[in-house]
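Descriptive analysis of the structure
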Amino acid sequence: MAKPFSFEVLAIDGKARRGVIDMPRGEIRTPAFMPVGTGGTVKTMYMDQVRGVGADIILGNTYHLMLRPGAERVARLGGLHEFARWPHPILTDSGGFQVMSLSKLRKLTEKGVTFRSHIDGAPYEMSPERSIEIQGLLDSDIQMQLDECTALPAELKEIERAMELSLRWAERCKTAFGDQPGKAMFGIVQGGDNAALRVRSAQALSEMGLKGYAVGGLAVGEPQAVMLEMLDITCPELPADKPRYLMGVGTPDDILKSVARGIDMFDCVMPTRAGRHGLAYTRRGKVNLRNARHADDPRPLDEESDCPAARDYSRAYLHHLVRSQEALAAMLLTWNNLSYYQKLMQDIRAAIETQTFEARGAEITEGWARGDI
Ligand SMILES: O=c1[nH]cnc2c(CCNCC3CCCCC3)c3[nH]c(NCc4cccs4)nc3cc12
């Protein structure tokens, strides 16, 4: 029998948890940052580099993969791990969020979402059952329920409708997922910026006895204070012995403040997308390498970093690559940014282990918030 899915909290500092998720394809050290692997690739990175910067798990993008090359084709070729040569855990999203943000002519009903591909306009239907089926075809280790994320601000009745629909879809996804010991299906808490709806959603999902819980419907335009307040309300309503995944978050400061409220897992397109746009994250702040002031700067991004992209190349060279739109620019800056994010998570995990997280927290990210240096 495949080793079952397990989560263990190893240390606590305030509400911050240092834990580990154990799965057949490997361990996930938490708090964890999950690099986004859109079409089965973390853009501009080799998978052994992704592993090399310290990632234990990556995200697979259900919406993109179902459209191209197709979930059945990936299954015929041995599943996403084989296809993309990433043997470690993969978390796939349901596809729903991207249907709503990328596809055309989409229609949402009780049954699911119908839409047309943004690639070739072909018609598709995504029900809770089909989403779980697709994630199964991709051989995903952690599968997300299909949900409806409400953009904020929104009318209370609209937030309630989407939250209740997402609960019914969670039940259908749980049924469709069935019992797969070495895999997990996570529910997603909705409820917008309304405390009562958040509590209702978290309690109803907790009663379903799922293996993990995501907090959705946040980082969708609301102020950080509102996001954090919703975490203060939601996390205590979720089982303490199950992982909590805050979807789409975020900046180093968001991550720090969310870990302090009990979040264990994060995903965000920022480090990879910023890298492709010439923006480098460093311990001493962000560096926009498009800026001409770097043209003669012989210094590396961070001479103390253990990432070659941060240590071995001058800012002048990186500026040149960015201005020349060389492919190597995106490659080196993505490498640097993912390395920075994984180092941030490593520092956070160490601080919780040594009970210095609450004290040292701000220090861990003091540099990042500084503007362009
Ligand atoms: O309630 C939600 N349900 C489902 N997904 C959500 C996501 C997408 C998380 N990343 C998926 C990845 C899957 C693999 C490919 C890349 C995405 C969110 N992202 C954000 N904020 C960041 C945002 C990004 C864009 C607009 S807001 N809030 C989110 C809320 C939800």
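So, a few notes on the structure that sits alongside this text. Residue numbers restart at each chain and count upward from 1, following the sequence in its written direction. At least 70 in pLDDT is required for a residue's local features to be given in this predicted model, at least 80 for side-chain atom pairs to be given and counted, and no such filter applies to totals for whole chains, interfaces and linings, which use all residues. To obtain the side-chain values, all non-hydrogen atoms of the structure were included, while hydrogens and water were left out.

1. Describing the packing of aromatic side chains
Think of it this way: a Phe, Tyr or Trp ring, Trp meaning its six-membered ring, pairs with another when their centres are within 6.5 Å, and the plane angle makes it stacked under 30 degrees, edge-to-face over 60, tilted otherwise. All chains considered together, the criterion is met by eight aromatic pairs. Pairing Tyr 63 with Phe 115 gives two aromatic rings, centres 5.8 Å apart and planes at 45 degrees, and the pair type is tilted. Of this pair, Tyr 63 sits in helix α2 (residues 62–67) while Phe 115 sits in strand β9 (residues 113–116), and the two are 52 residues apart along the sequence. By relative accessible area, Tyr 63 is classed as buried at 0%. When the ring of Tyr 313 is compared with that of Tyr 317, the centres are 5.9 Å apart and the planes differ by 20 degrees; the resulting orientation is stacked. Exposure classes here rest on a 1.4 Å probe applied to the protein chains alone. A residue is buried below 20% of its type maximum, exposed above 50%, and partly exposed in between. Assessed through its relative accessible area of 33%, Tyr 317 is described here as partly exposed. Three or more aromatic residues joined by ring pairs form one cluster here, namely Phe 33, Tyr 281, Tyr 340 and Tyr 341. Each helix is a run of H or I in the DSSP string that is no shorter than four residues. Each strand is a run of E no shorter than two, and both are numbered from the N terminus.

2. Quick look at the nonpolar core
To qualify as a nonpolar core, a set must consist of buried Ala, Val, Leu, Ile, Met, Phe, Trp, Tyr and Cys residues joined through side-chain atoms within 4.5 Å. Grouped together as the largest cluster of nonpolar side chains are 91 residues, with contacts concentrated most on Leu 246, Ile 255, Phe 266 and Ile 348. It is helix α14 (residues 327–353) that provides the largest number of residues to this core, a total of 12 residues. Membership of the second largest hydrophobic core comes to 20 residues, among which are Met 23, Met 144, Phe 186 and Ala 214.

3. Describing the pairing of strand β12 (residues 184–189)
Of all six residues making up β12, six are buried, and the element is well covered by its neighbours. Burial along β12 is two-sided: the face carrying Ala 184, Phe 186 and Ile 188 and the face carrying Met 185, Gly 187 and Val 189 are both buried. Pairing between two strands is assigned when DSSP locates at least 2 bridges connecting them. Relative to β12, strand β11 (residues 142–144) runs parallel, the two being bridged by three bridges. Residue pairing for β12: Ile 142 is matched across the bridge by Ala 184. Both β12 and strand β13 (residues 212–215) contribute to a ladder of four bridges, which runs parallel. Across the sheet, Gly 187 pairs through a bridge with Tyr 213, a residue of β13. When the strands point away from the viewer, a crossover counts as right-handed if the route from the first strand across the helix to the second turns clockwise. Read from β12 through helix α8 (residues 195–207) to β13, the crossover connection turns out right-handed.

4. Here we look at the sheet that holds strand β2 (residues 16–23)
Read across the open sheet, the three strands follow the order β1-β2-β3; overall the sheet is antiparallel. Of all the strands in the sheet, just β1 (6–13) and β3 (26–30) have a single pairing partner and so form its edges. Adjacent strand axes in the sheet meet at a mean angle of 15 degrees, parallel and antiparallel pairs treated alike. Alignment of β2 against β3, held across five bridges, turns out to be antiparallel. Note on β3: the bridge partner recorded for Ile 21 is Ile 28. Whenever a helix is involved, its axis is fitted only over the stretch in contact; in every case the axis is a line through C-alpha atoms, and angles between N-to-C directions fall within 0 to 180 degrees.

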